[in-house]
Amino acid sequence: MYSLIRKLLFQINPERVHYLAMNSLQKACNIPALKYFIQQQFSIQHASLEKEVFGLHFKNSVGLGAGFDKNATYLQPLSCLGFGFVEIGTVTPKAQPGNEPPRLFRLPADKALINRMGFNNDGVVAIQKRLADWKNSADNTGTAPLIIGGNIGKNKHTENEDAWKDYTICFDTLFDVADYFVVNVSSPNTPGLRALQEKDALKKILNTLQDINYGKPKPKPLLLKIAPDLITEQLDDIITLAEEVKLSGMVISNTTIGRYELENTPTAVIEKIGAGGLSGAPLLKKSNEVLSYVATQTQYRLPIIGSGGIFTGNDAKEKLYAGAALIQVWSGFVYEGPRIARNICEALLPN
Ligand SMILES: Cc1cc2nc3c(=O)[nH]c(=O)nc-3n(C[C@H](O)[C@H](O)[C@H](O)COP(=O)(O)O)c2cc1C
């Protein structure tokens, strides 16, 4: 059924169809009978799916990755689709338009996407207000409400030496309305951002945030999202730092700047698309390797959210075996459709 709908949707510009589909779903969820129907169709509740990770209670371990609901606009419909958690953002202090379109491309023959969005978002103040409304809304009730991750970044025009200030503003402003935080230094579409993955730059950001965090009566879990393109020495530095600053976990991984595992897409098409982060099926193997390395080096003590190339229950199981405590989908949602969280949850149920 979804393969037919997908054929139609894939006729439309990818960025436009994203908003079209989510706005339609949101409208449908505003009608109580339709909302009930959508929940019945797409979400599943089972005690064995529930999980306790970094002190938070997740109704299931299937989340939606950052960048899908950048502005925290679609939490109600996403909750109806059965996700256990949604990571909003990346949020920056000031609103910014992101890169010039076109900036999102489908590579259907390889079940992949390339994007160079560039942190387009409404800015932290507007997003804080939306999250506060969501937290107080009737949709956010029940024994296991949707967990919200706040993925934070820096504005394009903030120099790297001042980046810690941007992360601080976002962390402070969202502190009361997000359940956990992710420091994003790994998107390839903000010039220079990935240089913040280097030891000293990262230390400054993470130390500053943890100082604020541990000054609060109830500190929030702080995680770091890394690129799959880091070399072993960089990963080792990050692992040492994660232990030093007492990170609660990591998100592994972001999109890759590599162009591997694209056997079915002509090189000319890939070259024409140009710069951007590759996600989807080609990323599964590489992101699992990085995940597995970090999990073994930390002796499975550091909870990891596995991201990259998850489409099916089997992909999710592979991530969990590689050492993930929770998983996130993004490209898989585009290719598999709105039943993805339910399908994965069903596959994770004990036989
Ligand atoms: C269009 C698009 C926008 C994204 N924006 C963000 C973002 O703002 N911040 C972030 O940390 N990750 C972002 N991501 C990365 C995803 O959260 C995810 O880590 C990555 O796509 C790998 O997962 P996937 O293979 O399931 O898509 C984005 C991905 C896509 C496709």
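Procedures and definitions
Residues numbered from 1 in each chain as written. Predicted model: local features only at pLDDT ≥ 70, side-chain atom pairs only at ≥ 80, totals over all residues. Heavy atoms only, no water. Near = heavy atom within 4 Å. Polar contact = N/O pair within 3.5 Å; in protein donor to acceptor, adjacent residues only side chain to side chain. Areas by Shrake-Rupley, 256 points an atom, 1.4 Å probe, with all protein chains shown as cover. Nonpolar A, V, L, I, M, F, W, Y, C, P; charged D, E, K, R; others polar. Helix = DSSP H or I, 4+ residues; strand = E, 2+ residues; numbered from the N terminus. Expected span 1.5 Å × (residues − 1). Buried < 20%, exposed > 50% of the residue type's maximum accessible area, 1.4 Å probe, protein only. Contact = heavy atoms within 4.5 Å. Lys, Arg positive; Asp, Glu negative; His and termini not counted. Salt bridge = Lys/Arg side-chain N within 4 Å of Asp/Glu carboxyl O.

Focus on the site of the ligand
Part 1: Close to the ligand lie 24 residues; Ala66, Thr90, Ser307, Gly309 and Ser331 are nearest.
Part 2: The separation between an oxygen atom of the ligand and a polar side-chain atom of Lys70 is 2.9 Å.
Part 3: In isolation the ligand has 610 Å² of accessible area, and contact with the protein removes 98% of it.
Part 4: Of the residues belonging to the shell around the ligand, the class tally is six nonpolar, 16 polar and two charged.

Comments concerning helix H7 (residues 199-214)
Part 1: With 16 residues, H7 extends 21 Å between its outermost C-alpha atoms, agreeing within 8% with the 22 Å of an ideal straight helix rising 1.5 Å per residue.
Part 2: Within H7, the full set of buried residues consists of Leu202, Ile205, Leu206, Thr208, Leu209, Gln210 and Asn213.
Part 3: In this structure, the buried residues of H7 make contact with strand S7 (147-152), helix H6 (163-174), strand S8 (180-184), strand S9 (222-226) and helix H8 (232-244).

Some words on unusual backbone geometry
Part 1: Look at the link from Gly89 to Thr90: it is a cis peptide, with omega at 10°.
Part 2: Residue placement: Thr90 occurs in strand S4 (residues 85-91).
Part 3: A cis geometry characterises the amide bond from Pro101 onward to Pro102, with omega recorded as 0°.
Part 4: One can find Pro102 in the loop between S4 and strand S5 (104-107).
Part 5: Located in the positive-phi region is Phe54, a residue other than glycine, with phi close to 30°.
Part 6: When you line up the elements, Phe54 lands in the loop between strand S1 (51-53) and strand S2 (56-58).

What to know about the side chain of Arg106
Part 1: Turning to its location among the elements, Arg106 is positioned in strand S5.
Part 2: Although buried, Arg106 forms no salt bridge, and the nearest oppositely charged side chain, Glu15, lies 11 Å from it.
Part 3: At 3.4 Å, the side chain of Arg106 and the backbone oxygen of Leu9 are in polar contact.
Part 4: A polar contact is formed between the side chain of Arg106 and the backbone oxygen of Ile12, at a distance of 2.8 Å.
Part 5: Among all residues touching Arg106, those that are not within four sequence positions of it are Leu9, Phe10, Ile12, Asn13, Pro14, Val17, Ala112, Leu113 and Tyr335.

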